[in-house]
Amino acid sequence: MRIASFNINGIKARLPRLIEWLEETRPTVACLQEIKTQDEGFPADAFEKIGYHAIWHGQKSFNGVAILADGVTPVETQRGLPGDDEDDHARYLEAEVKGVRVGCIYLPNGNPHPGPKFEYKLRWMERLRAHAETLWRDEVPTALVGDYNVIPEDKDVWSPRAMAADALMQPESRDAYARMLGDGWTDAIDTLNPRGGVWTFWDYQAGAWQRDHGFRIDHLLLSPELADRMEAAGVDKEYRGREKSSDHTPVWVDIRD
DNA sequence: ATGCCGCATCGAATGCGA
């Protein structure tokens with residue numbers, strides 16, 4: 001099975017591109033971030049037409065996540081990240097699909113740093129780690145995938161210097177991500193590309209795509225049950241170059257049955 | 001130091017992203 005993640009930056013603006021990607025690459029599960037729509041506006045019919053069933057967690061204007069599955073309906077296991085009743089951002093959705101549990105993550109950006117948004121990011125990462133530990137204990141094959149908004153190491157960015165002040169690569173952000181890896185989660189793309197140089201995001205501005213000024217912030221974290229079954233992982237880079245593209249590319253991992 | 005581009009929103013200027 002293929003588990004994919006795609007920060008689409010607006011599901012309405014991106015719908016033709018999204019349908020195209022689903023039909024061309026046919027992931028078993030697709031986790032979407034930044035759908036930027038309320039629940040009522042989610043275009044479920046368009047996905048049903050091509051054989052995908054979906055669950056979604058929307059919000060007005062920004063954020064919002066969804067999980068699509070090929071031929072089956074995802075069985076929802078969690079809506080919203082536990083640990084803070086005051087947090088109403090739609091950034092986490094979790095479901096079981098064909099024996100695999102998948103968490104769809106849209107981690108806070110955290111800019112500007114320092115400031116309250118950065119503090120929110122760090123608190124969110126602590127909550128994510130705590131929730132991940134409860135999942136871990138179930139010993140269910142689990143993937144936590146999505147836009148982590150963390151550049152894990154200097155090898156994951158075109159210019160560490162240019163990005164040095166950004167919340168995405170502050171030591172606190174990196175440490176929080178590293179702690180999850182330390183808990184035993186496997187970063188699929190990094191494991192298969194240990195020398196780095198793989199990007200999943202290119203800014204719309206300043207010709208970043210044309211200059212290949214990108215970085216890696218979309219991650220696929222696998223529990224040991226899944227990491228043992230990993231066959232391949234990659235980035236669908238060409239989609240970044242198409243008309244009306246997202247600023248992110250899809251990422252995916254293939255798991256043996 | 002800031003904007004660059006793009007999406008969203010009761011309609012234009014602003015919030016947000018990374």
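Residues numbered from 1 in each chain as written. Chains lettered and ligands numbered in written order. Predicted model: local features only at pLDDT ≥ 70, side-chain atom pairs only at ≥ 80, totals over all residues. Heavy atoms only, no water.

1. A few points about the protein's contact with DNA strand B
Alright, step 1. Inspection of the region around DNA strand B gives 26 residues, with E34, N109, N149, Q205 and F215 positioned closest.
Alright, step 2. Taking Y106, its side chain carries an N or O atom lying 3.0 Å from a phosphate oxygen of DNA strand B.
Alright, step 3. Note that a base nitrogen of DNA strand B is positioned 3.1 Å from one of the side-chain N or O atoms of N109.
Alright, step 4. Here the element with the most residues in the surface near DNA strand B is helix α1 (residues 11-25); it accounts for 3 residues.
Alright, step 5. A class-by-class count of the residues in the surface near DNA strand B yields 8 nonpolar, 9 polar and 9 charged. (Near = heavy atom within 4 Å. Polar contact = N/O pair within 3.5 Å; in protein donor to acceptor, adjacent residues only side chain to side chain. Helix = DSSP H or I, 4+ residues; strand = E, 2+ residues; numbered from the N terminus. Nonpolar A, V, L, I, M, F, W, Y, C, P; charged D, E, K, R; others polar.)

2. Describing the side chain of D218
Alright, step 1. Looking at the element boundaries, D218 is found in strand β12 (residues 218-222).
Alright, step 2. R216 provides the closest opposite charge to the buried, unpaired D218, separated from it by 9.1 Å.
Alright, step 3. Of the polar contacts made by the side chain of D218, one reaches the side chain of T200; its length is 2.7 Å.
Alright, step 4. Looking at D218, its side chain comes within polar contact range of the side chain of H248, at 2.8 Å. (Buried < 20%, exposed > 50% of the residue type's maximum accessible area, 1.4 Å probe, protein only. Lys, Arg positive; Asp, Glu negative; His and termini not counted. Salt bridge = Lys/Arg side-chain N within 4 Å of Asp/Glu carboxyl O.)

3. Looking at α1
Alright, step 1. With 15 residues, α1 extends only 18 Å from end C-alpha to end C-alpha; this falls clearly short of the ideal 21 Å at 1.5 Å per step.
Alright, step 2. The sharpest bend along α1 measures roughly 40° and falls at R17.
Alright, step 3. Regarding α1, the residues found buried are I11, R14, L18, I19, W21, L22 and T25.
Alright, step 4. Remark: R26 follows α1 within two positions and exhibits a positive phi of approximately 45°. (Expected span 1.5 Å × (residues − 1). Bend = angle between axes of the 7 residues up to and from the residue.)

4. Let's talk about the pattern of salt bridges
Where charged atoms from two side chains of opposite charge approach closely, those side chains can pair.
Alright, step 1. Inspection of the entire model under this criterion finds 17 salt bridges.
Alright, step 2. Its salt-bridge partner being R216, residue D187 comes within 3.1 Å of it at the nearest N-O pair. You can see D187 sitting in strand β9 (residues 186-187) and its partner R216 sitting in the loop between β11 (214-215) and β12, a full 29 residues away along the chain. R216 shares its class with D187; the two are buried.

5. Overview of the UniProt feature "domain: Endonuclease/exonuclease/phosphatase" (unreviewed entry) in chain A
Alright, step 1. UniProt marks residues 4-248 with the feature "domain: Endonuclease/exonuclease/phosphatase" (unreviewed entry), using the numbering shown here.
Alright, step 2. The span residues 4-248 shows a helical share of 26% and a strand share of 25%, and its end C-alpha atoms are spaced 13 Å apart. (UniProt positions renumbered as here; feature names shortened; annotations may be inferred.)

6. Some points on the sheet that holds strand β5 (residues 75-79)
Alright, step 1. Overall, mixed pairing links the 6 strands, which are arranged β5-β6-β7-β8-β12-β9 in an open sheet. Strand pairing shows two members of the sheet lacking a second neighbour, β5 and β9, which therefore form its edges.
Alright, step 2. The pairing of strand β6 (residues 92-97) with strand β7 (residues 100-106) spans 6 bridges and is antiparallel. Following the sheet pairing, A95 is matched in β7 by V102.
Alright, step 3. Each of β5, β6, β7 and β8 (142-147) is contacted by helix α3 (residues 116-137), which is oriented at about 20° to β6, the strand it contacts most.
Alright, step 4. Contacts from helix α4 (residues 171-182) reach β8, β9 and β12, with the element oriented near 25° to β12. (Pairing = 2+ DSSP bridges. Contact = heavy atoms within 4.5 Å. Axes fitted to C-alpha atoms, helices over the stretch in contact; angles between N-to-C directions.)

7. Quick word on unusual backbone geometry
Alright, step 1. The omega torsion across N111 and P112 is -5°, close enough to zero to call that bond cis.
Alright, step 2. In this structure, P112 sits in the loop between β7 and α3.
Alright, step 3. For the peptide bond that leads from H113 to P114, omega is -5°, which places it in the cis range.
Alright, step 4. Counting through the fold element by element, P114 comes out in the loop between β7 and α3.
Alright, step 5. Backbone geometry at N149 places phi at a positive 50°, although glycine is not the residue there.
Alright, step 6. N149 sits in the buried class, given a relative accessible area of 5%.

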